[in-house]
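# Per-entry structural report
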Amino acid sequence: MVKNFDFDVIYLGGGHGSFDGAGPLAASGKKVAVIESGLWGGTCPNRGCNAKITLDEPVVLQREIERMQGIVNGQVKINWSELVAHKQEVIQKLPDQISGKLAAAGVKLIQGTGQLQDRHTIEVDGQQYTAEKIVIATGLRPNRLNVPGRELAHDSDDFMKLTELPARLAIIGSGYISLEFATMANAAGSQVTVFMHHDTALRSFYQPFVKQVLRDLEKRGVIFVKNAAVQAFVPTSNGLAVKFGKNQSKEVDWILDATGRIPNVEHLGLDAAGVKYTKKGITVDGFLRTNIDNIYAAGDVIDKIQPKLTPTATFESYYLYQLFSGQTTQPISYPAIPSTVYTSPRIARVGLSPTAAEQDTEKFEIVHNQIAADWYRQVDRQSAGESILVFDRQHHLLGATEFSEQAEDAINTLLPAIVFHYDQQQMWQLAHIFPSISASAWHKIR
Ligand SMILES: Cc1cc2nc3c(=O)[nH]c(=O)nc-3n(C[C@H](O)[C@H](O)[C@H](O)COP(=O)(O)OP(=O)(O)OC[C@H]3O[C@@H](n4cnc5c(N)ncnc54)[C@H](O)[C@@H]3O)c2cc1C
Ligand SMILES: NC(=O)c1ccc[n+]([C@@H]2O[C@H](COP(=O)([O-])OP(=O)(O)OC[C@H]3O[C@@H](n4cnc5c(N)ncnc54)[C@H](O)[C@@H]3O)[C@@H](O)[C@H]2O)c1
């Protein structure tokens, strides 16, 4: 007997993990609903990528003018409150644009907090909706360090709403958010202290490049406290104190807890529906299916080895659209997912890392390039920077890592060579606009 459901597919959560696939799925004729408790579009547009990159833009400008001193004169001073207002202007239309596009494709938008009642039913504000298939795409939320005074610390969302920049900023952790926000706050004039859990930062990036980024930030006045062992946050007459190490203390005005993000798996009714999860997220198979065969997951909430980033969430969402619309019956096959830390200079990477390639130098060719040796990077006087390219012995590009002002563009342009395994002949079929970052980057791989 075929049961009649309200929808073919309901997505729980309205971020990239759902909307990139939900729209095309509805447009293909399926009955689709998306439930969102907060802002349409989720983390990336509203309190992640788009918001952050807007705050970063004056840093890029400041650094370029710094390098061009003498040719242009004067320093750039960042007006933080104007910058935050500009960021708000840039991002405030995004939720309506995203929900508008979904509605136009035929998706039913349900605003509210959803909870599974059973394997086919989700309740939102007392109303029940049923679907043949359900996709959980509820993302992550900031971790809160479990120390006394934890309520005195804030998260990245709070930081991006600050209309006044704190004079003295403590950042706990040394991952993506810590290093990006330390870069911005330092450039805008804050005294920044980063409290590191261990003695390394950005552990998934190539460490010789990370060390150069840290050295540059140190020269600019950022203090890094290694193996900090943060114990507590306490109010003082003049601000707040971070208690760390053996009875050490640092007084600041504001504390950013950037100690990672944890999956939104609680209060979703996962147990009621029998869906398995761990503290790293929802467990799925190669079809992004949970142990309950009509319930799937997508985006950051999945327990996975792929980086929890927007390109991964988008790829998964699009894969589920293809699976649900019958365009594929195959398990998901992830491409090489690139990532960048938006420090200034940035570090970007994709594919096989130099560290992995160094383990077998017979098998791989590793090519180092100095950014300053590239005439195009001399145009804006880039002196810091390096790229490392990894090839197989037939000269197929397998991986690329770069530390430079435009590392994200250099890595992006090389993606097809890695994903489609181009040979020399194919590489020469691409005639890039000259001069450009793409032309520079491809010049080094052919
Ligand atoms: C500060 C910051 C900067 C970042 N910068 C980058 C970057 O530069 N590049 C990059 O690739 N990635 C970046 N990321 C990561 C990126 O934002 C995420 O990988 C991406 O947003 C994941 O999308 P998602 O759909 O899985 O989750 P989310 O976008 O988090 O969406 C999940 C949605 O589910 C909703 N939800 C949760 N529970 C319920 C419920 N019970 N009912 C209804 N709705 C619910 C939430 O409100 C949320 O809108 C950044 C993240 C942060 C925090
Ligand atoms: N450019 C980007 O793509 C970008 C930017 C920001 C965020 N993100 C995404 O958001 C996620 C979360 O970012 P994040 O920076 O919070 O996480 P992260 O995992 O990158 O870094 C967390 C940091 O907290 C530290 N830490 C953990 N426990 C600690 C403790 N007890 N004391 C001190 N330090 C401690 C870790 O050592 C690490 O340095 C990232 O993993 C990424 O998926 C991506």
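Everything numeric in this text was worked out from a predicted model, so none of it was measured.

Moving on to the site of ligand 2. Around ligand 2 there are 22 residues in total, and G173, G175, Y176, I177 and H197 lie nearest to it. Those elements giving two or more residues to the shell around ligand 2 turn out to be α7 (176-187) and β19 (339-341). Among the elements that make up the shell around ligand 2, the one with the highest residue count is α7 (4 residues). Classifying every residue of the shell around ligand 2 gives 10 nonpolar, 9 polar and 3 charged.

Attention now moves to the pairing of strand β23 (residues 397-404). A large share of β23 lies buried, amounting to 8 of its 8 residues. Here strand β20 (residues 346-351) runs beside β23; their pairing, made up of 6 bridges, is antiparallel. The residue of β23 that forms the bridge with A348 is E402. Bridge count for strand β22 (residues 386-392) against β23 is 6 bridges, and the pairing is antiparallel. Across the sheet, residue L389 finds its bridge partner in β23, namely A400. Between β22 and β23, which pair antiparallel in sequence order, lie 4 residues; one of them, H395, sits at a positive phi of approximately 65 degrees.

If you trace the 3 strands from one edge of the open sheet to the other, you get β11-β12-β13, paired in antiparallel fashion. Of all the strands in the sheet, the pair left with one neighbour each is β11 (230-236) and β13 (248-252). The sheet shows a mean angle of 25 degrees between the axes of neighbouring strands, direction not considered. Across 5 bridges, the pairing between strand β12 (residues 239-244) and β13 is antiparallel. Counted as the bridge partner of K243 is S249 from β13.

Neighbouring ligand 1 are 35 residues; G13, G15, G42, G139 and G299 lie closest to it. Those elements that place two or more of their residues in the shell around ligand 1 are α1 (16-27), β2 (32-36), α2 (43-47), α3 (49-67) and α10 (310-324). Taken together, the residues of the shell around ligand 1 sort by class into 12 nonpolar, 19 polar and 4 charged.

Per the UniProt record, the feature "binding site: FAD" (unreviewed entry) sits at G114 and D300. By secondary structure assignment, the location of G114 is in strand β4 (residues 114-118). Classification of D300 as buried rests on a count of 30 C-beta atoms within 10 Å. Beyond its immediate sequence surroundings of up to four residues, D300 is in contact with G17, G139, L140, K308 and A313.

What follows deals with the domain arrangement of the protein chain. Once the domains are mapped, the protein chain shows domain 1 (7-142 + 262-324), domain 2 (150-259) and domain 3 (345-443). Summarising the inter-unit geometry, the C-alpha centres of domain 1 and domain 3 are found 30 Å apart. Facing 4 residues of domain 1, the contacting portion of domain 3 comprises 4 residues. Of the residues that constitute the side of domain 1 that touches domain 3, the class distribution is 1 nonpolar, no polar and 3 charged.

What counts, and at which threshold
- Residues numbered from 1 in each chain as written.
- Chains lettered and ligands numbered in written order.
- Predicted model: local features only at pLDDT ≥ 70, side-chain atom pairs only at ≥ 80, totals over all residues.
- Near = placed C-beta within 6 Å.
- Helix = DSSP H or I, 4+ residues; strand = E, 2+ residues; numbered from the N terminus.
- Nonpolar A, V, L, I, M, F, W, Y, C, P; charged D, E, K, R; others polar.
- Buried ≥ 20, exposed ≤ 12 C-beta atoms within 10 Å, placed from the backbone.
- Pairing = 2+ DSSP bridges.
- Axes fitted to C-alpha atoms, helices over the stretch in contact; angles between N-to-C directions.
- UniProt positions renumbered as here; feature names shortened; annotations may be inferred.
- Contact = placed C-beta atoms within 7 Å.
- Domains from an automatic or database assignment.

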